[in-house]
Amino acid sequence: MTMTETTWRRQTMSAITVGLFLLVLLLGCGDGVAPSNTEGELLSPPAGAGAMAPHLTVDGDDLILSWLEPGHRFLMARLSGGRWSGPTQIAAGDNFFANWADVPKVAVAGDGTLWAHWLAKIGEDTFAYGVFLARSTDGGGTWQQMGTLHDDMTPTEHGFVAYAAEGTGLRAVWLDGREMLDGGPMTLRTAALADSVGLAEVLDDRVCECCPTALAATAAGPVAFYRDRSPAELRNIRLTRLRDDAWSEPVVLEDDGWTLAGCPVNGPAVAADDDRLVAAWFTAPKGEPRVQLKFSHTAGATFDPPLLVDGELPLGRVDVALDSDGTAWVSWL
């Protein structure tokens, strides 16, 4: 399938709504914009007042929604057959670190085991927080605390975790700030999750400090995407692929030429199905913001030329999903 044969649909989120809800839209085809007579069903999950930081995970035919509630509680509920389960508590504590950009998540391993993470303070500084893990072998009914994703407890930033199934287990990548304790850069690290947390590896020793990461499970293995930070402050998206138990040298997805002396809090989004992969991202070279998209039909080894999704002053915060027919659905602010 060529670039011109693969289509994408777009949906712009023009406002951020206060509250926690799931709106299922039955979107038509055509130009990709929902028609005025779009039908929808509001499915209100069992979240309490003041809930924040929602995240959706697909688990077979079900959806798992996780969120934070006041009182430092991390909860989840399952949408199955059009009905929500009651909420299950994953973790609670008095030291949670909550913010709009780096939300807790639930992820599904290859054997159906669920893993979840949340952020909690590990030092006095504002951004001294760690990634804490829990594991469930009964679909989220009960949870076992698994310690931290990272193998250090330095009072620095750890977060922006992305997951992808790998064999019967799970692969994670995250931003790890342990080197910043001595004036070094933010790094990108990875570990495999099975019955326990595997050894961490450094994928890139200098990356953007607070841009979300992304990870895709392809037929050839996982592919990690992230925003790089060069010594000259270039903020290109890079990717690296795990093949034969070794990660490839990171390469630039597209040389945008965006130079920025600061973190844009704008990471890439990816989705994959077999060897088909799509990546979407925000960039703003020369003060000209745009959202772009690239397709790969070789599990990330090669990519088609970029497609412009929005060049009319977008803010970014992209996400992307793939239909079974290869259509990419992109959302952004």
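Novice: In this structure, what is going on with the overall build of the chain? I would like to understand it.
Specialist: Along the chain, the regular secondary structure elements total 0 helices and 27 strands. In the chain, buried positions account for 51% of the 333 residues. When contacts within the chain are restricted to residue pairs at least 6 apart in sequence, long-range pairs at least 24 apart make up 47% of them. As displayed, the chain offers around 15200 Å² of accessible surface, 51% of which is attributable to carbon and sulfur atoms.

Novice: Quick question: what am I supposed to make of the state of the cysteines here?
Specialist: Here, the word disulfide means a covalent bond between the sulfur atoms of two cysteines. In the structure shown here, the tally under the stated rule is 1 disulfide. With its sulfur 2.3 Å from that of its partner, Cys 210 forms a disulfide with Cys 263. Of this pair, Cys 210 sits in the loop between strand 16 (201-207) and strand 17 (214-218) while Cys 263 is found in the loop between strand 21 (251-252) and strand 22 (269-273), placing the two residues 53 residues apart along the sequence. Cysteine Cys 208 is unpaired, with the sulfur of Cys 211 as its nearest cysteine sulfur at 3.4 Å.

Novice: Quick question: what am I supposed to make of the sheet that holds strand 22 here?
Specialist: Across a sheet, paired strands are connected by hydrogen bonds in the backbone, their directions being either parallel or antiparallel. With antiparallel pairing, the 4 strands of this open sheet are ordered in space as 22-23-24-25. Single-partner strands in this sheet number two, and they are strand 22 and strand 25 (307-310). Shown here is a sheet whose adjacent strand axes are inclined to one another by a mean of 20°, direction ignored. Across 7 bridges, strand 23 (residues 276-283) lies against strand 24 (residues 290-296) in antiparallel orientation. Its bridge partner being in strand 24, Leu 277 is matched across the sheet by Ser 296.

What counts and how
Within every chain, residues take consecutive numbers counted from 1 along the sequence as written. Local features in this predicted model are restricted to residues of pLDDT 70 or higher, and side-chain atom pairs are both shown and tallied only at a pLDDT of 80 or more, whereas totals for entire chains, interfaces and linings draw on every residue. Each side-chain value is worked out from all heavy atoms of the structure, with water and hydrogens disregarded. Strands here are runs of E lasting at least two residues and helices are runs of H or I lasting at least four, both read from the DSSP assignment and numbered beginning at the N terminus. Each residue gets one of three labels from its accessible area relative to the maximum for its type: buried under 20%, exposed over 50%, partly exposed in between, using a 1.4 Å probe on protein chains only. It only takes one pair of heavy atoms within 4.5 Å for two residues to be counted as in contact. With residues, only the protein chains shown are counted as cover, and all accessible areas are computed by Shrake-Rupley using a 1.4 Å probe. A pair of cysteine sulfur atoms is labelled a disulfide when the two atoms are within 2.5 Å. Two strands qualify as a pair provided DSSP detects at least 2 bridges between them. Geometry is summarised by axes, namely lines fitted to C-alpha atoms with helices restricted to the contacting stretch, and by angles between N-to-C directions that run from 0 to 180 degrees.

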